[in-house]
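So you can see what is in the structure, the chains are spelled out below.
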Amino acid sequence: MIEKFKTNAEVIENGDKYLYGNHVRMPISMERGEGVYVFDKDGNKYLDFVGGIAVNGLGHCHPAIVKCLQERAETILHCSNYFYNEPAVQTAKLIVENSCFEKVLFANSGAEANEGQIKLARKYAKDHGHPERFVVITMKNSFHGRTLATCTATGQYAVHRYFEPLPSGFRYAEFNNLQSVKDIMDEYVCAILTEPVQGEGGVRPASQEFLQGLRDLCDEKGILLMFDEVQVGSGRTGKLFAHQNYGVEPDTCSMAKALGSGVPIGAVCARGEAAKTLTPGTHGSTFAGGPLACALAATTLDVMINDGVIENARVMGEYFRDQMHKVIEKNHPKAVNEIRGLGMINGIQLNHPSGQPVVDLCFQDNKVLINNTNGNVLRFVPPLITGKEEIDLCIKAVDEAMTKLGW
Ligand SMILES: Cc1ncc(COP(=O)(O)O)c(C=O)c1O
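Here the structure is a predicted model, which is why all the values come from computation and not from measurement.

*Asks:* Explain the packing of helix H3 (residues 63-73) against helix H10 (residues 291-306) here, please?
*Replies:* Each pair of packed helices can be described by the angle between their axes along with the distance between the axes. At a minimum axis distance of 10 Å, the contact between H3 and H10 shows a crossing angle of 155°. One way to sum up the angle between H3 and H10 is to call them roughly antiparallel. Here the hand of the crossing between H3 and H10 comes out right-handed. Contact with H3, carried on its side by Ala64, Ile65, Cys68, Leu69 and Arg72, involves Pro291, Leu292, Ala295, Leu296, Thr299, Thr300 and Val303 of H10 and no other residues of that element.

Right, here's the structure in full:
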């Protein structure tokens, strides 16, 4: 029999006893969600500006997702990728028709999609007469995942620590500093991998010159430009892909998070010669591109593109930054170093060592969920369906928290 728990306290007590303690958890148990709101086991209602860390793009229990899941439960959840399945083809077609890419390869998470990009880059070099090329240049403060290759690709010691020896073949440059990339470029480099907007690294959008400079450098050297859009793809920045805001086209790009509306899925999108590299037997996974995850991905993309959700992210993102600027300038000018973002990924860099006190007060006093990243950056990644009313509530909670802290 499956034991039923009645309260937050019961779930927490049993969770602390049975779950592996590798995540720091807030002291509530999430029970259900509705749009931009979530409810805990005790019935408390929270405004969700964490959004599953940029996963719940369509919010919680979007009717199209509910319908898709119900239909899927009665058709087929999984079949081997020895066979074709319609949802995988539909998802890939939607991505290709709305981007610069020609082919899509599915994976099960962001880390796996990035593993796919790294393997693709190494094989691409060998296929094109450069067996000596194996190094991928990534950026300091980046985040690319927790597998051994992707944690090594991640330019943060805190993510490497304890896991040495790490795989070889990664070098780190300064984000938004083209010269620092050129300084570590040599004949062994096969690709450059970067996020167009660093997410975990503190919500830092790349500059136009940086991304364009990387593109030109990769073209000059005959190596691949690869973007990690696990967090900022799937409509988050007000375009399907973040790089579409810059007009700079990579050779490959990863997706995950919001693509499946909560069901694990990742993707590597590729164009040109890079779209021909991963041949049968070189890469794959049992679950990748399965009918369940892909049906949800196709539905997610369809609603995002055709029901104005991506456009809403663009418009509401501007509203968020405008309103937040006004409140911060008026009430807390000394507390904040910078407000930055693109579409519906926004951050407030504080002049205090940690943003956690603000996160805690938003939670305790106003039941608003936000999070703190990279030490002292408050991060806001709500569902892309969020409207002005919810943004006003979130800003009010942040304002009140800073006032209470005397910031
Ligand atoms: C930019 C980026 N890449 C990769 C990952 C890893 O994705 P996953 O946790 O699905 O493996 C993340 C997760 O936060 C991310 O933000």
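Let us keep going from here.
*Asks:* I would appreciate a short explanation of the environment of Gly235 in the present structure.
*Replies:* Relative to the assigned elements, Gly235 resides in the loop between strand E10 (224-228) and strand E11 (252-255). Remark: the alpha-carbon pair of Gly235 and Lys103, spanning 132 residues in sequence, is separated by 19 Å. Setting aside chain neighbours within four positions, we find Gly235 in contact with Leu240, Met304, Ile310, Ala313 and Leu384.

*Asks:* Would you explain the domain arrangement of the chain in this entry?
*Replies:* For an interface, size is often stated in terms of accessible area lost upon the parts coming together. Segmentation of the chain into domains returns domain 1 (8-62 + 308-405) and domain 2 (76-306). Its C-alpha centre places domain 1 at a distance of 26 Å from the equivalent point of domain 2. Contact residues are listed per partner, giving 27 residues for domain 1 and 29 residues for domain 2. For the pairing of domain 1 and domain 2, the buried interface totals around 2300 Å² over both sides, and the portion due to carbon and sulfur atoms is 60%. Looking at the side of domain 1 facing domain 2, the largest losses of area belong to Ile310, Leu342 and Ile345, adding up to 27% of the total buried there.

*Asks:* Honestly, the pattern of salt bridges in this entry has me stumped. Any pointers?
*Replies:* Pairing of side chains with opposite charge becomes possible as their charged atoms draw close. Evaluation of the coordinates by the stated rule reveals 16 salt bridges. As a salt-bridge pair, Glu174 and Lys140 come within 3.3 Å of each other at their nearest N and O atoms. Placement of the pair is Glu174 in the loop between strand E6 (170-173) and helix H8 (178-183) and Lys140 in the loop between strand E5 (135-139) and helix H6 (148-153), with a sequence separation of 34 residues. Glu174 sits in the partly exposed class, given a relative accessible area of 35%. Ionic pairing is found between Lys396 and Glu400, a salt bridge with its closest N-O pair at 3.2 Å. On the criterion of helical spacing, the pair formed by Lys396 and Glu400 is a turn pair, its members being four residues apart in helix H13 (residues 388-405). One salt-bridge network, in which partners are shared between bridges, spans Arg215, Asp219 and Asp251.

*Asks:* Would you mind showing me how to read the site of the ligand here?
*Replies:* The immediate surroundings of the ligand are formed by 13 residues, with Gly110, Ala111, Asp228, Gln231 and Lys257 found nearest. Gly110 is positioned with one of its backbone polar atoms (N or O) 2.8 Å from an oxygen atom of the ligand. Contacts to the ligand include Lys257, whose side-chain N or O atom sits 3.2 Å from an oxygen atom. Against a free-state accessible area of 400 Å², the protein chains account for coverage of 80% of the ligand. Residue contributions to the shell around the ligand peak at three residues, all from helix H5 (residues 110-127). Across the shell around the ligand, the residue classes break down as three nonpolar, six polar and four charged.

*Asks:* How should H13 be read in this particular structure?
*Replies:* Within an α-helix, residues lying three or four positions from one another point in the same direction, as the helix has 3.6 residues per turn. Here H13 contains 18 residues, and its C-alpha end-to-end distance of 26 Å stays within 8% of the 26 Å for a straight helix at 1.5 Å per residue. Downstream of H13 by one or two residues, Gly406 has phi in the positive range, about 75°.

*Asks:* Before we go on, may I ask you to explain the sheet that holds strand E3 (residues 45-48) in this structure?
*Replies:* Across a sheet, strands are paired by hydrogen bonds formed along the backbone, either parallel or antiparallel in direction. The strand order across the open sheet formed by four strands is E1-E2-E3-E15, and the pairing between neighbours is mixed. Every other strand in the sheet has two partners, leaving strand E1 (30-34) and strand E15 (368-369) as the edge strands with one partner each. Here E1 pairs with strand E2 (residues 37-40) via four bridges, running antiparallel. Residue Gly33 lies in a different strand from E2, and its bridge partner there is Val38.

*Asks:* Looking at this structure, I do not really get the nonpolar core. What am I missing?
*Replies:* Nonpolar side chains in soluble globular proteins generally cluster together in the buried interior. Ranked by size, the top nonpolar core spans 95 residues in total, and within it Ile192, Ile370, Leu378, Phe380, Val398 and Met402 carry the most contacts. In terms of residue count, the dominant contributor to this core is H10 (nine residues). Inspection of this core shows a minimum of three residues originating in each of domain 1 (8-62 + 308-405) and domain 2 (76-306). Here Ile370 is in contact with Phe49, Val50, Val358, Val359, Cys362, Leu378, Arg379, Phe380, Cys394 and Val398, once residues within four sequence places are set aside. Counting residues in hydrophobic clusters, the runner-up holds 20 residues, among them Ala121, Cys190, Met226 and Val268.

What counts, and at which threshold
Residues numbered from 1 in each chain as written. Predicted model: local features only at pLDDT ≥ 70, side-chain atom pairs only at ≥ 80, totals over all residues. Heavy atoms only, no water. Axes fitted to C-alpha atoms, helices over the stretch in contact; angles between N-to-C directions. Helix = DSSP H or I, 4+ residues; strand = E, 2+ residues; numbered from the N terminus. Parallel < 35°, antiparallel > 145°, perpendicular 65-115°, else oblique. Left-handed = near helix turned anticlockwise from the far one by under 90°. Contact = heavy atoms within 4.5 Å. Domains from an automatic or database assignment. Buried area = accessible area lost by both parts, 1.4 Å probe. Salt bridge = Lys/Arg side-chain N within 4 Å of Asp/Glu carboxyl O. Buried < 20%, exposed > 50% of the residue type's maximum accessible area, 1.4 Å probe, protein only. Near = heavy atom within 4 Å. Polar contact = N/O pair within 3.5 Å; in protein donor to acceptor, adjacent residues only side chain to side chain. Areas by Shrake-Rupley, 256 points an atom, 1.4 Å probe, with all protein chains shown as cover. Nonpolar A, V, L, I, M, F, W, Y, C, P; charged D, E, K, R; others polar. Expected span 1.5 Å × (residues − 1). Pairing = 2+ DSSP bridges. Core = buried A, V, L, I, M, F, W, Y, C linked by side-chain atoms within 4.5 Å.

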